[in-house]
Amino acid sequence: MHARALSMVVALWAAWPSVSYGQTSIGGECEGKLADVVFILDTSSSILPEDFRKQISFTENVVRMFDLSPGKTRVGVTLFSDAIYPKLSMGQTLDRASTLKAIKAITYIGGSTNTGDALKYVLEKEFLAFGRPGVSKVALVLTDGQSQNREKTIEAAQALHAAGVATFVIGIGSQVDQSELASVASTPTSKYLIQLTDYNALESVRLQLASLTCEADYIPPQGDGAENEALCEVLLLSGVDASTMSTTDQNKVLSFISAITDTLSSTTAWRIRTAQIFNDCPVTGGTSGGRNYAPLIRKLRYLVPNDRSTPLSSAALLVLDSPVADVMPANREVMRAMFKKVNVIVVGVGDGNDSSGIAKMLRESPSSEKFRSRVFLVNNYDQLASVVPNVVAAVTQNVVCA
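This section reports on the structure supplied with the text. None of the values given here were measured: they were computed from a predicted structure.

Looking now at the nonpolar core. One broad rule of soluble globular proteins: the nonpolar side chains tend to lie buried together. Counting 64 residues, the largest nonpolar core has Phe39, Ile40, Phe66, Val77 and Ile170 as its most contacted members. If you tally residues by element for this core, the top one is helix H4 (residues 115-130), at seven residues. Apart from residues no more than four positions distant in its own chain, Ile40 is found in contact with Thr78, Phe80, Ala118, Leu119, Val122, Ala139, Leu140, Val141 and Leu142. Counting residues in hydrophobic clusters, the runner-up holds 31 residues, among them Val234, Leu254, Ile260 and Val319.

So, in structure tokens, the structure goes:
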């Protein structure tokens, strides 16, 4: 390690909480911690591919220390260069192994450094879309260069801070704009801004960064984003059968859900809360080629809180690409969801265009108006965008807290 890098690491050790090395997880502050954490990673051309891999390994190793689960710490990863490349969303309900696998699979892209767009995207598409009320929100920004638009970057960072997002920044190398990074980081910068000489020093600070992330307190949003101002909340739960779905198709589904959320947010005064479960639904023991959807519906139902201080209206969006095999168990789960006043909406894709099975699951006639108003069939994932208005209408017509 270079002498300068070593001195920087020694300085950081002196300033940060004492942590024993050699461990793979942090007890105490990380155990059982509720936090929403998003890594914002630079993948511009100023980074060598081998250094980008060090950045991904660092991210993976930090995430390993968190108490990962949908009810505890949730993690997202977004890359930025010329454009924004979301790789892992907090809204995806993945288990620990799947989360780490998704991070490990991230590859280098190259391009310019649009830091401001990345900060804006993460605020709007991650923290505002999927952030949980009363839970600490943390952004971890890693970059080795100056942004393309300094003014836009600082403006986006201020919006993050106002939304209650604790923002840590790691600047790597000599090409960073230190004053810009100081503006992006939360205050005090002595805690939230970390400067390293090269990517080799990253691994030396991962335990301290994980510890600081887990120690981050909940910061109430300021101004219009204050959480206690909402008079009505709409909870949109999305359950997706990802059994045979490619990564490309998963991204199309995420875009579909995002388009629904954006439309609801821009056309109503409601606060939109979202949660997603991508589930490998089991194959039935028979020869129909269908899948069992009762477990997926049950998981969605469990996400609906029993007690709320503000009015809440809930909708469950099921995206199915196989016939319904467990009609009766799935119907029982649908009835239980409806008992909790959850509006169940179904989108069938390809082989999931099983109107007969869906009708039996919902206990509705395929020719009925009620069936047609909440069941939408498309031939492939490219056609999902065409039913966004239909799904939005199905959600809004059943909102009872407006």
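Turning our attention to the packing of aromatic side chains. This structure, assessed with the given rule, holds two aromatic pairs. Between Phe168 and Tyr192 the ring centres are 4.6 Å apart and the planes differ by 45 degrees, which places this aromatic pair in the tilted class. One end of the pair, Phe168, is in strand S5 (residues 165-172); the other, Tyr192, is in helix H7 (residues 189-192), with 24 residues separating them in the sequence. Tyr192 carries the same exposure label as Phe168, and that label is buried.

We now examine unusual backbone geometry. Following Thr187, the chain continues to Pro188 via a peptide bond in cis, the omega torsion being 5 degrees. Mapped onto the fold, Pro188 is located in the loop between helix H6 (178-184) and H7. Within the chain, Lys341 stands out as a residue other than glycine whose phi angle is a positive 60 degrees. Considering the arrangement of structural elements, one finds Lys341 in the loop between helix H11 (327-339) and strand S10 (342-349). Taking the relative accessible area as the measure of exposure, Lys341 reaches 69% and is therefore exposed. Phi is positive for Arg363, close to 60 degrees, though the residue is something other than glycine. Among the structural elements, Arg363 can be located in the loop between helix H12 (355-362) and helix H13 (369-372). For Arg363, a relative accessible area of 57% corresponds to the exposed category.

Pairing is mixed across the open sheet formed by six strands, whose spatial order is S3-S2-S1-S4-S5-S6. The sheet is open, and its two borders are formed by strand S3 (84-88) and strand S6 (193-196), each paired with just one other strand. Strand after strand, the sheet turns through a mean of 20 degrees between neighbouring axes, direction not considered. The sheet contacts of H4 involve strand S1 (35-42), strand S2 (73-80), S3, strand S4 (136-143) and S5, and relative to S1 the element is tilted by about 160 degrees.

For Arg374, the position within the fold is in the loop between H13 and strand S11 (375-378). Aside from chain neighbours lying at most four places away, what touches Arg374 is Met338, Val344, Ile345, Val346, Leu362 and Glu364.

Glancing now at the pattern of salt bridges. Going through the model one piece at a time under the given rule, you end up with 19 salt bridges. Among the salt bridges present, the one from Glu124 reaches Lys120, with a minimum N-O distance of 2.9 Å. Within this pair, Glu124 and its partner Lys120 are both found in helix H4, separated by four residues, close to a single helical turn. For Lys120, a relative accessible area of 45% gives the class partly exposed.

Right, let's get into the pairing of S1. Within S1, eight of the eight residues are buried, which leaves it mostly tucked inside the rest of the structure. Where S1 meets S2, eight bridges bridge the pair, whose relative direction is parallel. The residue of S2 that forms the bridge with Leu41 is Leu79. On the question of chirality, the crossover connecting S1 to the parallel S2 by way of helix H2 (residues 49-64) is right-handed. Relative to S4, S1 runs parallel, the two being bridged by seven bridges. Its bridge partner being in S4, Phe39 is matched across the sheet by Leu140.

The next subject is the packing of H11 against H12. Geometry of a packed helix pair, given as the angle between the helix axes and the separation of the axes. Relative orientation of the contacting elements H11 and H12 amounts to 50 degrees, with a least axis distance of 7 Å. Relative to H12, the element H11 is oriented oblique. Between H11 and H12, the contacting residues are Val327, Ala330, Asn331, Val334 and Met335 on the first element and Gly357, Lys360, Met361 and Leu362 on the second. Partitioned by chemical class, the residues of the contact of H11 with H12 number six nonpolar, two polar and one charged.

Rules used in this analysis
- Numbering of residues starts from 1 in every chain and runs along the sequence as written.
- Residue-level local features of this predicted model are given only where pLDDT is at least 70; pairs of side-chain atoms are given and counted only at 80 or more, and the full residue set underlies all totals for whole chains, interfaces and linings.
- As a rule here, side-chain values come from all non-hydrogen atoms in the structure, and water together with hydrogens is ignored.
- The nonpolar core is taken to be a set of buried Ala, Val, Leu, Ile, Met, Phe, Trp, Tyr and Cys residues, with the residues joined through side-chain atoms within 4.5 Å.
- Remark: exposure states derive from per-residue accessible area (1.4 Å probe, protein chains only) relative to the maximum for the residue type, with buried under 20%, exposed over 50%, and partly exposed in between.
- Counting from the N terminus, the helices are DSSP H or I runs at least four residues long and the strands are E runs at least two residues long.
- In this description, contact between two residues means that some pair of their heavy atoms is separated by no more than 4.5 Å.
- By convention, a stacked pair of Phe, Tyr or Trp rings (six-membered ring in the case of Trp) has centres within 6.5 Å and planes under 30 degrees apart, an edge-to-face pair has planes over 60 apart, and any other such pair is tilted.
- Think of it this way: DSSP has to see at least two bridges between two strands before they count as a pair.
- Here the axes come from fitting lines to C-alpha atoms, over the contacting stretch only for helices, and the angles between their N-to-C directions go from 0 to 180 degrees.
- Any carboxyl oxygen of Asp or Glu that lies within 4 Å of a side-chain nitrogen of Lys or Arg is treated as forming a salt bridge with it.
- Handedness is read with the strands pointing away from the viewer; a crossover is right-handed when the path from the first strand over the helix to the second is clockwise.
- By the definition adopted for this analysis, an angle is roughly parallel if under 35 degrees, roughly antiparallel if over 145, roughly perpendicular if from 65 to 115, and oblique otherwise.
- For this classification, the nonpolar set comprises Ala, Val, Leu, Ile, Met, Phe, Trp, Tyr, Cys and Pro, the charged set comprises Asp, Glu, Lys and Arg, and every other residue, Gly included, is treated as polar.

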